[in-house]
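# Results of the structural survey
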Amino acid sequence: MTGPTGGGAIRIGIIGLGRVSADHVVGYRALAGEAEITAVCDTDPAALLPVATELGVDGYRDHRELLARADVDAVVVLLPHLLHGPVVRDALTAGKHVTVEKPLAATAAEGEQLAALATKLGLVLAVSENSRFVESYMQVADLVARGAPGMVRLVRGLIYGSAVDEYRDDTAPWKRQEHGFAAILDAATHFFYVLAWMFGPVASVQAITRNWAATHLPGVEVEDGALVTGTLHCGAFFSVEVGLTLELPWGERFEVYGDRASIVCDQLRDPPVIVHRGARDPGVPLARVPAEPRTWRASSMARGAADFVRALQEGRAPAVDTVHAVHAVRVAEAAYRSVRAGGTMQTV
Ligand SMILES: NC(=O)c1ccc[n+]([C@@H]2O[C@H](COP(=O)([O-])OP(=O)(O)OC[C@H]3O[C@@H](n4cnc5c(N)ncnc54)[C@H](O)[C@@H]3O)[C@@H](O)[C@H]2O)c1
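Residues numbered from 1 in each chain as written. Predicted model: local features only at pLDDT ≥ 70, side-chain atom pairs only at ≥ 80, totals over all residues. Heavy atoms only, no water.

Put simply, the rule is: UniProt positions are given in the numbering used here, feature names are shortened, and annotations may be inferred rather than shown by experiment.
Within an unreviewed UniProt entry, the label attached to the protein chain reads Dehydrogenase, and the organism entered is Mangrovihabitans endophyticus. According to the UniProt record, the Sequence similarities (unreviewed entry) comment for the protein chain is "Belongs to the Gfo/Idh/MocA family."

Structure (structure tokens):
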């Protein structure tokens, strides 16, 4: 099956030109000959004009005008969470293939509706979940798929870094409600997706949140810390910890503990991945994974852009399964239920 342009470059429209967009633009521009950005959109002229000028393409303040263009095959949606659902629906209805930043939608039910709509219309709906394309996680997924850890007993994810500048910015919408720069929906969902991708569905969760920023900085309504623990249907325990007011560069730890081997990844460490084969093994680095402490996230976004474009060209499904992306949102919903219920166990 050939792609939407019969083998030519996929013509891309980008909707939303905020903080995350620069890495996506770099990713698509690196696919010269395979992809071409033909239009961009942002309601804010200050975000729109520099990018439209730099790329030499038309810029729109209304996404429906971009969607009306015949020379846009696929769109990249990089909008605040509450807009993912309506704008993805508009794009699919306009006949465009879509990739949308995580979370797929603000609710799991909305995510399922979008996936069903894409299937009904014969269009590709991908999720720009960059965790799927972090080199160390791809290598861990390979080890897990080959059974290297044996019976997995515990999986841990930690997201760390500082959003204090964003929380201090009065013009930023990110400090409001759980749909903003919130520890569970914005950050922990990365690892909820990773759990579903590598180990299968989450069975139950307990969650508590920390609200340092809401207490100390004006106007902040979102939680900046979260501890989410629970069980996976495969029998393992998991914990996902998030700290968005921790003063070090953005990074992640990911640990898989099995009865035959354990794997410890940390994006800021060199080497980033150590494998221990048994209780007496001090560990050996996974040689295939280079240290990328400054660029690991941008690299993963570029790989995600390439996967979306090549999925369209090759007529195959994108690497991120929307079933896993929907599950990630469902786990977040259960985690928020747990928070509201005082940290009690919730079934997912
Ligand atoms: N994968 C990651 O590591 C990562 C990192 C950051 C953000 N994200 C995700 O990317 C998405 C965007 O995040 P961000 O940090 O870039 O947000 P942002 O607030 O910096 O940017 C959003 C942009 O959308 C524009 N916008 C708002 N409403 C619009 C509309 N109706 N039509 C067109 N443009 C509109 C805003 O003007 C703004 O420029 C979110 O889903 C977020 O979760 C992912």
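There's more to say after this.
## Here's the deal with the pairing of strand 2 (residues 35-41)
For clarity, the threshold we go by: A simple rule labels every residue: compare its accessible area, found with a 1.4 Å probe on the protein chains alone, to the largest value its type can have, and call it buried under 20%, exposed over 50%, or partly exposed in between. The secondary structure listing takes helices from DSSP runs of H or I that are at least 4 residues long and strands from runs of E that are at least 2 residues long, numbered from the N terminus. Only strands joined by at least two bridges in the DSSP assignment are considered to pair.
Counting buried positions along strand 2 gives six out of seven residues, so the element sits mostly inside the fold. The sheet contact formed by strand 1 (residues 10-15) and strand 2 spans six bridges and is parallel. Among the inter-strand pairings, Ile10 is bridged to a residue of strand 2, identified as Ala35.

## Here's the deal with the site of the ligand
What counts here: Whether a residue is near a molecule or strand depends on its heavy atoms: if one lies within 4 Å, it is near. Counting of polar contacts relies on pairs of N or O atoms within 3.5 Å, with two restrictions inside protein: one atom must be capable of donating a hydrogen and the other of accepting it, and residues adjacent in sequence are counted only when both atoms are side-chain atoms. For the area figures, the Shrake-Rupley method with a 1.4 Å probe applies, and any residue is considered shielded solely by the protein chains shown. Here the limits of each domain have been adopted from an automatic or database domain assignment.
As a structural note, the neighbourhood of the ligand is formed by 24 residues, with Arg19, Asp42, His81, Asn130 and Trp174 the closest of them. His81 places a side-chain nitrogen or oxygen 2.7 Å from an oxygen atom of the ligand. For the ligand, the protein covers 86% of the area, taking 840 Å² as the surface of the free molecule. Broken down by secondary-structure element, the contributors of at least two residues to the shell around the ligand are helix 4 (81-93), helix 8 (183-199) and helix 10 (296-314). Shared between two domains, the shell around the ligand takes at least three residues from each, and those domains are domain 1 (10-128) and domain 2 (132-299 + 328-347).

## With respect to the pairing of strand 7 (residues 152-160)
The sheet contact formed by strand 7 and strand 11 (residues 251-258) spans eight bridges and is antiparallel. The residue bridging Ile159 from the neighbouring strand is Glu252, located in strand 11. Both strand 7 and strand 10 (residues 237-243) contribute to a ladder of seven bridges, which runs parallel. For Leu158, the partnering residue across the bridge sits in strand 10 and is Glu241.

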